[in-house]
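Overview (structure and organization)
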Amino acid sequence: MEDERSFSDICGGRLALQRRYYSPSCREFCLSCPRLSLRSLTAVTCTVWLAAYGLFTLCENSMILSAAIFITLLGLLGYLHFVKIDQETLLIIDSLGIQMTSSYASGKESTTFIEMGKVKDVVINEAIYMQKVIYYLCILLKDPMEPHGISQVVPVFQSAKPRLDCLIEVYRSCQEILAHQKATSASP
Amino acid sequence: MGLVSRGAAAAGVGAASAVVRPGPPHAVPHPIPTPPPEGAALGSSRVPGMVLKAFFPTCCASADSGLLVGRWVPEQSSAVVLAVVHFPFIPLQVKELLAQVHQAGRVGLAVLGTWCHRRQEAEESLGHFLEGLGTIFSHEPWLQLCREQGSKLWSCKATRRQVPPCPGTPYEDQVMLVFYDQRKVLLSQLHPPAALPDCLAGDAAPSAGGLAAVFDTVARSEALFRSDRFDDGPVRLSHWQSDGVEASILAELAKRASGPVCVLLACLLSLVSAASACRLFKLWPLSFVWSKLSVCEQLRHRLEQLTLVFSTQKAENPTQLMRKANVLVSVLLDVALGLALLSWLRGKDRIGPLAEALVPVADHVAEELQHLLQWLMGAPAGLKMNRALDQVLGRFFLYHLHLWISYIHLMSPFIERILWHVGLSACLGLTVALSILSDIIALLTFHIYCFYVYGARLYCLKICGLSSLWRLFRGKKWNVLRQRVDSCSYDLDQLRLLVVAVQGLMHLLVDLINSLPLYSLGLRLCRPYRLAAGVKFRVLEHEAGRPLRLLMQINPLPYGRVVHTYRLPSCGCHPTHPWGSLCRKLFFGELIYPWRQRGDKQA
């Protein structure tokens, strides 16, 4: 079962949330971030090239122009490969764990998998971010030393930064699965 | 596969060696009451209602029907399937094989269920026959995986025969299939994010939690994968090596040759270290010089590393093996770079012009210094100085300089020979050549270092004097010492800083070559599944009503963590002064020693 809804992030950009229910014990949430806009790309390129041309008229060295082109290309490739995240996915599998995948604009994917034995809970936290107060979803990990302690807080959807309405949808589904998981692991 | 009725033949064979062949149920002889296998006892504890996870190797997805052999982990309610046993087989031989593997790898395997790969439509008799096998190998829960040929539709059942402990729990469990690549999981090594202090890996049974248990099970069952389908063993298995055991001629030859080669090199290295540890080198002037030269440090470090690599002891754990491999690759690369440097030097006869250029450069530097001293002895920048002290210091420095220049001129015919021998030392490695170069620079600029020492000491005294004057000004009584001369230390500082910077850079390069784990980085680049940070899952095509199918893949370790985990311990030949403390020492007039002091802990 699959459905798609659109939400907005904390800055007002459009986000698309795709939900897939594979089975009662396996759910996937896929959040797509707004793409790289042509306007900002053109603006950055023009600025860099104008600055390079200005330097060229000062120094009369044509190496500056070729260096500027080189830097622009490398910078764009580096940005697409290391910085710009296109899609963030959260996959919850009952009794296996939670998996978070970030896919970058160049196609690179980076995945983190947390086993269910380490997950204590999934909660929505409030945080002060620059001049705003935002909500974010995070996974709390158990502390092996202390039974009631928390060893780590892992935030989810860090680059998409959806608003509370989107987070509540994801939170409800996660809690359903976690409740089932706790019920089965707690019974003797 | 023909469904031949072998009832008569089977009945004639003795009870203990009854051969099980696929056929209608009545052909199977009455099952011998064998002692209950360990599987029954293991499977009795389970978590009711939990989804049963079956880890299935991708290589067996196209295998013929048979029995599933693997390990059952009750705490996570997961069954790790390792291989498929094909018909015909003798149950006793299967149990013997499992016992053998148990002894070899200390991992408890059992027959977990049946695997059915239907080639024609509706082989009902086969289905019934497979169910009947459950009575011979009783295991809780009994897994039944079935697949139609050429389709992606699987069906899985996990049944229990015993009465469940709590009423209301179903007789059948929900099953989730997780496919894994057996070869990659076998060869990979998991790197946990943090080594927990209470994580004890017991020897009795693999007690690793979660997915580490799957990796552990596959790694310990290597004895199961030793035979392929071309062997004439009693039991026919399907696993990742069943199409032919992987082996490489080069690897085998290297293994055979490594024994005697290691012994020979270990003897040679022990001779060399014994020679270097002899009493002659412990006498005072020699020991002082040895400890200060960076080339000696580097050679000692290399000797230690080579002794480690060629020691006749086998590596105990994978970390030690990685370290040995890293050291070997690093030494080989070093020697290769050194030989490249040597060939470059020899190539166009570069040593001659280099040696000829050295003396005029030294002359030029000495001339500039002389000008500087003459200027300071006069009235520098219009300042009025203490004339007597000026003259004394200036003349002392000039004489020093004169001695040094005469020494350089004396050495000039021998410089070419010395450089030739230094180039020859590049055979031992690029790091050795760089260390020698660094030492030569230190020796050639020793006079600058002497000037610096005199100047710095006087400057330090002056600063102490000024600070005591400042205290007096604030109303505290103290001894006043007035010094008004001393500006040579300012300009000399720049030269000194340059020399220290060049030396620091060289030491940095040497340290980089020494400590970078090249073998691990190469492994991460070419065989990323060997160094695993964890796993990742992908959901395969899913249909309602069918079990969930997942593909488990290996998540490789990021490069930063590879370097951090496998970094080689470096010797003391790294930059001895962090830049911050260097500037501080210059400003306050503390002496900067170009070699490492005995009590210098911050390096």
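No experiment lies behind these values; they were computed from the predicted model shown.

Conventions and cut-offs
Residues numbered from 1 in each chain as written. Chains lettered and ligands numbered in written order. Predicted model: local features only at pLDDT ≥ 70, side-chain atom pairs only at ≥ 80, totals over all residues. Heavy atoms only, no water. Phe/Tyr/Trp six-rings, centres within 6.5 Å; stacked < 30°, edge-to-face > 60°. Helix = DSSP H or I, 4+ residues; strand = E, 2+ residues; numbered from the N terminus. Buried < 20%, exposed > 50% of the residue type's maximum accessible area, 1.4 Å probe, protein only. Domains from an automatic or database assignment. Contact = heavy atoms within 4.5 Å. Buried area = accessible area lost by both parts, 1.4 Å probe. Salt bridge = Lys/Arg side-chain N within 4 Å of Asp/Glu carboxyl O. Polar contact = N/O pair within 3.5 Å; in protein donor to acceptor, adjacent residues only side chain to side chain. Nonpolar A, V, L, I, M, F, W, Y, C, P; charged D, E, K, R; others polar. Pairing = 2+ DSSP bridges. Axes fitted to C-alpha atoms, helices over the stretch in contact; angles between N-to-C directions. Parallel < 35°, antiparallel > 145°, perpendicular 65-115°, else oblique. Left-handed = near helix turned anticlockwise from the far one by under 90°.

Things to note about the packing of aromatic side chains
All names here are of chain B. Tallied over the entire structure, the rule returns 10 aromatic pairs over all chains. Ring geometry for Trp 404 versus Tyr 407: centroids 5.7 Å apart, planes at 45°, classification tilted. Placement of the pair is Trp 404 and Tyr 407 together in helix H12 (residues 387-424), with a separation of three residues, close to one helical turn. Judged by relative accessible area, which is 43%, Tyr 407 ranks as partly exposed.

Quick notes on the domain arrangement of chain A
Residues and elements named next belong to chain A. Domain boundaries assigned for chain A yield domain 1 (2-36 + 84-186) and domain 2 (38-82). Between domain 1 and domain 2, the C-alpha centre-to-centre distance is 38 Å. Counting residues at the interface gives six residues for domain 1, matched by five residues for domain 2. Contact between domain 1 and domain 2 buries roughly 670 Å² in total, counting both sides, with carbon and sulfur atoms accounting for 59%. Of all residues in domain 1, the largest losses of buried area upon contact with domain 2 belong to Leu 36, Lys 84 and Lys 108, amounting jointly to 70% of the total for that side. Across the domain 1-domain 2 interface, the total number found is zero salt bridges.

Some remarks on the domain arrangement of chain B
A common measure of how large an interface is: the accessible area buried when the components associate. Residue and element names in this part refer to chain B. Parsing chain B into structural domains produces domain 1 (51-161 + 171-191 + 207-242), domain 2 (246-346) and domain 3 (350-485). For domain 2 and domain 3, the distance between their C-alpha centres works out to 38 Å. Taken together, the contacts link 16 residues of domain 2 with 17 residues of domain 3. Both sides together, the interface formed by domain 2 and domain 3 hides about 1,500 Å², and carbon and sulfur atoms give 64% of it. Linking domain 2 with domain 3 are zero salt bridges, by the criterion used here. At the junction of domain 2 and domain 3, the tally comes to six residue pairs in polar contact (both at pLDDT 80 or more). Looking at the side of domain 2 that touches domain 3, the elements with two or more residues in it are helix H9 (294-309) and helix H10 (318-347). A total of 10 residues in the side of domain 2 that touches domain 3 trace back to one element, the largest contributor, which is H10. The residue makeup of the side of domain 2 that touches domain 3, split by class, is 10 nonpolar, three polar and three charged.

Side note on the sheet that holds strand E4 (residues 85-93) of chain A
All names here are of chain A. Here six strands make up an open sheet; going across it, the order is E1-E2-E3-E4-E5-E6 and the pairing antiparallel. What marks the edges here is a single partner per strand, and that holds for strand E1 (2-8) and strand E6 (109-115). The mean inter-strand angle of the sheet, taken between neighbouring strand axes irrespective of direction, is 15°. As paired elements, E4 and strand E5 (residues 97-104) share eight bridges and run antiparallel to each other. Directly across from Ile 93, in E5, lies its bridge partner Gly 97.

Quick word on the packing of helix H16 (residues 518-526) of chain B against helix H17 (residues 559-566) of chain B
All names here are of chain B. It is the contact of H16 with H17, at a shortest axis distance of 9 Å, that shows an interaxial angle of 150°. It follows that H16 is roughly antiparallel to H17 by the angle criterion. In this structure, the crossing between H16 and H17 has a hand that is right-handed. Of the residues in H17, those touching H16 at Ser 520, Leu 521, Arg 524 and Leu 525 are Tyr 559, Val 562, Val 563 and Tyr 566.

Section: the pattern of salt bridges
Evaluation of the coordinates by the stated rule reveals 11 salt bridges over all chains. Across the pair Arg20(A) and Glu28(A) runs a salt bridge whose closest N-O atoms are separated by 2.7 Å. Across the salt bridge formed by Glu297(B) and Arg300(B), the nearest N and O atoms sit 3.7 Å from each other. One end of the pair is Glu297(B) and the other is Arg300(B), both in helix H9 and three residues apart, which spans about a single turn. Take Glu297(B): its relative accessible area is 17%, and that puts it in the buried class. Classification of Arg300(B) as partly exposed rests on a relative accessible area of 43%. Beyond isolated ion pairs, a larger network of salt bridges with shared partners links Asp3(A), Arg5(A), Arg19(A) and Glu169(A).

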